[in-house]
Amino acid sequence: MSKTNPGNYFEDFQVGQVIRHATPRTVTEGDAALYTALYGPRFAVQSSDAFAKMLGYDRAPVDDLLTFHIVFGKTVPDISLNAVANLGYAGGRFLAPVYPGDTLSAVSEVIGLKENSNGKTGVVYVRSTGYTSDGTEVLDYVRWVMVRKRDPGSPAPAPVVPDLPAVIDPQALGNAVPLLDSAKWDNDLSGSPFRFADYHVGERIDHVDGMTIEEAEHQIATRLYQNTAKVHFNQHTEAHGRFGKRLVYGGHIISLARALSFNGLGNAFHIAGINGGRHVAPVFAGDTIYAWSEVLDMAQIEGRSDVGAVRLRLIASRNQPCTDHPHKMPDGSYTGDVVLDFDYWALMPR
Amino acid sequence: MSKTNPGNYFEDFQVGQVIRHATPRTVTEGDAALYTALYGPRFAVQSSDAFAKMLGYDRAPVDDLLTFHIVFGKTVPDISLNAVANLGYAGGRFLAPVYPGDTLSAVSEVIGLKENSNGKTGVVYVRSTGYTSDGTEVLDYVRWVMVRKRDPGSPAPAPVVPDLPAVIDPQALGNAVPLLDSAKWDNDLSGSPFRFADYHVGERIDHVDGMTIEEAEHQIATRLYQNTAKVHFNQHTEAHGRFGKRLVYGGHIISLARALSFNGLGNAFHIAGINGGRHVAPVFAGDTIYAWSEVLDMAQIEGRSDVGAVRLRLIASRNQPCTDHPHKMPDGSYTGDVVLDFDYWALMPR
Amino acid sequence: MSKTNPGNYFEDFQVGQVIRHATPRTVTEGDAALYTALYGPRFAVQSSDAFAKMLGYDRAPVDDLLTFHIVFGKTVPDISLNAVANLGYAGGRFLAPVYPGDTLSAVSEVIGLKENSNGKTGVVYVRSTGYTSDGTEVLDYVRWVMVRKRDPGSPAPAPVVPDLPAVIDPQALGNAVPLLDSAKWDNDLSGSPFRFADYHVGERIDHVDGMTIEEAEHQIATRLYQNTAKVHFNQHTEAHGRFGKRLVYGGHIISLARALSFNGLGNAFHIAGINGGRHVAPVFAGDTIYAWSEVLDMAQIEGRSDVGAVRLRLIASRNQPCTDHPHKMPDGSYTGDVVLDFDYWALMPR
C-alpha cells in the first residue's frame, strides 16, 4: 500500500462526509508581507496597524484573500487532487477578522454529488470552513469541482445538487469587521475620496493598470498557500500536458484583480462575501492581467451606520486593457480575453 | 467623473502645496526578511537583534533603504504618475531608527516648479517626509521629476528653483543612530576589520561581485514598496514602449549596489544622509549589476566619539565589472555602462 | 591592501584553526514565511504554533533546513569563497529548536587538510557550529570542500583526514525536540496516517510530485541565507563559466526534495541528524526536481517513547520522475539524472 496521497476520486465522496484537512497554518506578518509583495495591494486597513486600530480593529487584519487562499490550499489534497476543473464558488462569507498569529485550519463537508453523463467524471460540491485554533469560524464558502472517477464502470450515486444562493443576503455580511469609528476614516490616507454614497448601481470602473505574471511569482504564491495542485509547479510534466506549460492558480488572478481594483475602489476595504466566481479561461506566466468592476447592487446593513455593502462584479482580462469593459458576447459566452468573473460584496465606509 | 487616479499633471502643482499620501504602512519582520532575500545585505546591525541591542539599539532597525523605498513608493501616485523622468535626489536625512512594528506615512511639500522650454513638461521639486504614527520624522529628502503638462497651452508658472545643498552638513547626521557602545562592536561578527580610521579620502573600492536581476525580483520588490509606477509591471504595454520591456525601479539598483558594497564597506552600517543621486541609465531584467565606491570625504560628528561619517560615491554599472572604476568620460558624460551615481554619508564605528 | 574579502585559499587554513563568522542573523517569521513560499513544506509542527504548542514546543520552530542554510551561508565567505567543489557533509546534529526571534551565529573549526596530488587544490574539512545569542548550540555538522591554492608552489601541509562517523548514533538524536505529548498528535491535521511503526527498513517511497526551479526563486532563497557564493548570482560572468549559466545552491535542492518528501513522509516532522550528503550533479533554473526516499534503518531512542528515529536516504533527480527509484549503476556511479544523495535521521511520532 502506497504511503503517498493519491487524492480522492469521485467514488470516494459521499454526501454528508466531513473531511478535516491538513496542515494547520499560523498566519504571520511574513505571510502578509509576501502577499503585499506578490500583488501590491494598497488598502489602508490591511496595510497599517495604526490605521486599523484607530478605526476599532485590534491591529491590521490580513488580506481577506490571503485567508481564502490558505483555507483553499488546505482543501486541495483531499478535494481536488484529481480534479479536471474548478467549476465555481458560491456562498462565501468572511466571518471574523484574521490577524497575524492566528492559526488557520479547514474542514469540508460534501454537500452535493452529480455524475456526469460521460461516466468518467462527476461534480463534487463542498462547503469548506476555515477556523482558528480556538474554534472561531473565519470563512466559509462552497466550491464545486469536476473530479475523475477511479473506475468509469462504478455506479453513479443518487444525484444531489445543493441549492446555492445566487447572492449572499447583505444582512449576513460584516461579521469580520468590528463596528468602526468611521469619523476617523481618513480619505487622504486611504487613498480615495469616494465613500459608499459616491457609487451607484450600474457604474463601471476600468482599473486601468496591468500586471504581468512571472513563473516565479505564481509559484511562490501558490506554495505560500501550501496549495499542492500539480499543474502549477511542474514544467517537466506540463510541457506534455494540455497547455504545454504551467497553469497559474486561479486564486492568483483573483488577488491580482482585487489589488488592481484599488485604483477606483480604494475605500472598498473588505471582501465580506463571495456570491460567485468563475475562472473563465486559463492564465499563464507572461500574461498581463487587467481588471474592471461593475456595481451590481448597493445595500445597507441593519445596525451598521459605519459601513455599507457594495456588490461588485470584478472581471479580469488577459493581454487586453479593460477600457471597453470586456465581458460577454450576445450569445452569453465570454469574450476571448476574459479570464475571471468574480461576484462579491465589498464593504465601504459611509 | 472617473474614480481612478489620473495622477497629477504639471499644472496641478503649486509651490507650497502639501500633499498627504496614501497608504500608511506598518513595516514588519516580513518586510525585513524580503529585503534580505531580494538584495542579500549582510550588515550586522540590521541583521541581528542581538548585535544591535548590544550596541544600544532597541533591536535591529530595518535597512535604511527599505524605509526610503516605502516612503518613496507612497509619493508615486501623487507626484510621479505622469512623470517622464525621475531627475534626482538631494538633501536626504535619516532622522530616527525604524523598527518592525512602526507605521510609516509620508507627506510631500512642493518646493519648486519650472516649466521646460518645450512647453510640454515641467520640473517639480518636492520635499517628502516619512514619519511614524506618533509623528516622529524618520526621513526627509528632496527629489525632482519631469512631469507632463495636461495641456501644452496652459501658462507657465513663475519658476521657483529651490536652493538645494550639494552635501548634507555632517553635523546634521546621526539622529537615526543611538549613542553606540562601540567598544562592543565585534569586527568578526560585522564581517570587516576596517573601521572609520582605516579609510581615506580618494580611496576607491571595487566591490567585485555582480548580481543579475530577474523580472520577478524587481516586481516583487517594487510591489513590496507599494510603488505603482506603471513602467515596472506591464509587459503588455511596455512591449510597445520606449524600451520594449519593463524598466527596473531605480531604487532597486540603489539597494543592490548598497548590498554589494558590503564587500569592502562591511562596517559602513548606516546611511545617514543622501547628498545626491542620479539614475544615469535604465536597467532591465537580465542585466547584471556591479558597483564600486569612492571615499569623497570623512567627517567627525560633534559629540559622537562612537561613529564617524564617510561620504561615499556609489557607482553602479551594468554588465561591466568595476575593476576600472567606470564613471565619467573627459567631457563629463557618463560612460555607457554606468547606471547609478549615488552620493551619500555612511556612518562607521570608530 | 584591498578592503574586499578575497576569501581564504588552501594555504590559509590550519588544523585547529577556529573561525568566527559574520553576520549574526535574527531568524524571524518573515524568514519562515519565505521558506514556505520557496519550497512549499507542509509539516504541521513547523507550520502551526497551535499544533506545536499542543505537543510541547514553545511555538512552531523554524524548519531545520532553514537553520542549516543560514548557518551554512555564514561559513561561505570564510570557507568556500575559493572552493572548486563542495564535496560532502557528515556528522550533522540538530541540538536545540530554533524559534523566530533567535539570533544565529556560526563558528567553524578546521579539523582536516589534505592537499590534492595535482598541487593546485586541497581538501579542507571543517566542523561548523550554529548557536544562538545565549550560547546555545543549535546545529553542528562537518563539511569538506575542495579549495584552490593561492600558489601551486607552496608546500603541502601534513595531511590530516578526520575520522568521520558513517552514521550518527541514534542515541545522540532528538535534542532539538522537547518531550512530546504524542497522544495529542492528530494524523488528520499532520496530513498522514503513518507513524513510526508503519515504516520498515528497505521501504522505498516515490514522492511523486515535481517542482520546476526558476532563477528568481533560487536567488531569493540563497540571498535569504546570506550565502555569497558567486556562481549563484552572476549571469554576466557565468555565461562564460563552466556551465554557461548560474548554478543553483545545493541546499536549495535539499529543501525542495525534503518538501516533496512530505508526500509519503508527512509525519517525519524533524531532521534530527545528517549522516551524509552529496551533491551528485549541478542543477540549473528550468530543471524540475523529483525525489524518492529509502528507509535505511529504524531506531528507538532511549528514554523517548514519544518519537522514533528513521534513517532515510533522500534521492533527488532532475527532469526524471522517481517511479523507478533512480540511484546508482552497477559500477557504483550515479545514474545521470540523480542530483542529490542525502542520508539523514528523521524523527516520527510513535
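Residues numbered from 1 in each chain as written. Chains lettered and ligands numbered in written order. Predicted model: local features only at pLDDT ≥ 70, side-chain atom pairs only at ≥ 80, totals over all residues. Heavy atoms only, no water.

In the nomenclature of an unreviewed UniProt entry, chain A is known as Beta-methylmalyl-CoA dehydratase of Roseibium aquae.

*Asks:* Quick question: what am I supposed to make of the interface of chain B and chain C here?
*Replies:* Much of the literature gives interface size as the accessible area that the parts lose upon coming together. Each partner contributes to the interface: chain B provides 47 residues, whereas chain C provides 36 residues. Taken together, the two surfaces of chain B and chain C that pack against each other cover about 3,100 Å², and 56% of this comes from carbon and sulfur. Its largest share of buried area at the contact with chain C, chain B owes to B:A37, B:R42 and B:L189, together 18% of the area lost on that side. There are six salt bridges connecting chain B and chain C. Put simply, C:K230 and B:D209 hold a salt bridge, and the shortest N to O gap is 2.5 Å. There are 25 residue pairs in polar contact (both at pLDDT 80 or more) connecting chain B and chain C. Classifying every residue of the side of chain B that touches chain C by side-chain character gives 21 nonpolar, 15 polar and eleven charged. (Contact = heavy atoms within 4.5 Å. Buried area = accessible area lost by both parts, 1.4 Å probe. Salt bridge = Lys/Arg side-chain N within 4 Å of Asp/Glu carboxyl O. Polar contact = N/O pair within 3.5 Å; in protein donor to acceptor, adjacent residues only side chain to side chain. Nonpolar A, V, L, I, M, F, W, Y, C, P; charged D, E, K, R; others polar.)

*Asks:* Any chance you could explain the domain arrangement of chain A here in plain terms?
*Replies:* All names here are of chain A. On domain assignment, one finds that chain A holds domain 1 (1-153) and domain 2 (190-350). Here the C-alpha centroids of domain 1 and domain 2 sit 17 Å apart. On the domain 2 side, the residues contacting the 38 residues of domain 1 number 37 residues. Between domain 1 and domain 2 the total buried area reaches about 3,100 Å² when both faces are included, carbon and sulfur atoms providing 62% of it. On the domain 1 side of the contact with domain 2, Y39, F43 and Y89 bury the most area, a combined 25% of that side's loss. At the boundary of domain 1 and domain 2, one finds 16 residue pairs in polar contact (both at pLDDT 80 or more). Broken down by secondary-structure element, the contributors of at least two residues to the side of domain 1 that touches domain 2 are helix 1 (29-39), helix 2 (44-47), helix 4 (64-80) and strand 3 (83-94). (Domains from an automatic or database assignment. Helix = DSSP H or I, 4+ residues; strand = E, 2+ residues; numbered from the N terminus.)

*Asks:* Honestly, the relation of the copies chain A and chain C in this entry has me stumped. Any pointers?
*Replies:* Both copies of the chain are related through a single rotation about an axis accompanied by a shift along the same axis. Superposing chain A onto chain C takes a rotation of 120° combined with a translation of 0.0 Å along the rotation axis, leaving an RMSD of 0.0 Å. Such a turn and shift between the copies fits a three-fold axis. Residue A:G30, judged by its C-alpha, is the member of chain A lying nearest the rotation axis, at 2.2 Å. The two copies present different faces, since only 14% of the interface residues in chain A are matched by interface residues at the equivalent positions in chain C. (Least-squares fit on C-alpha atoms with pLDDT ≥ 70 in both.)

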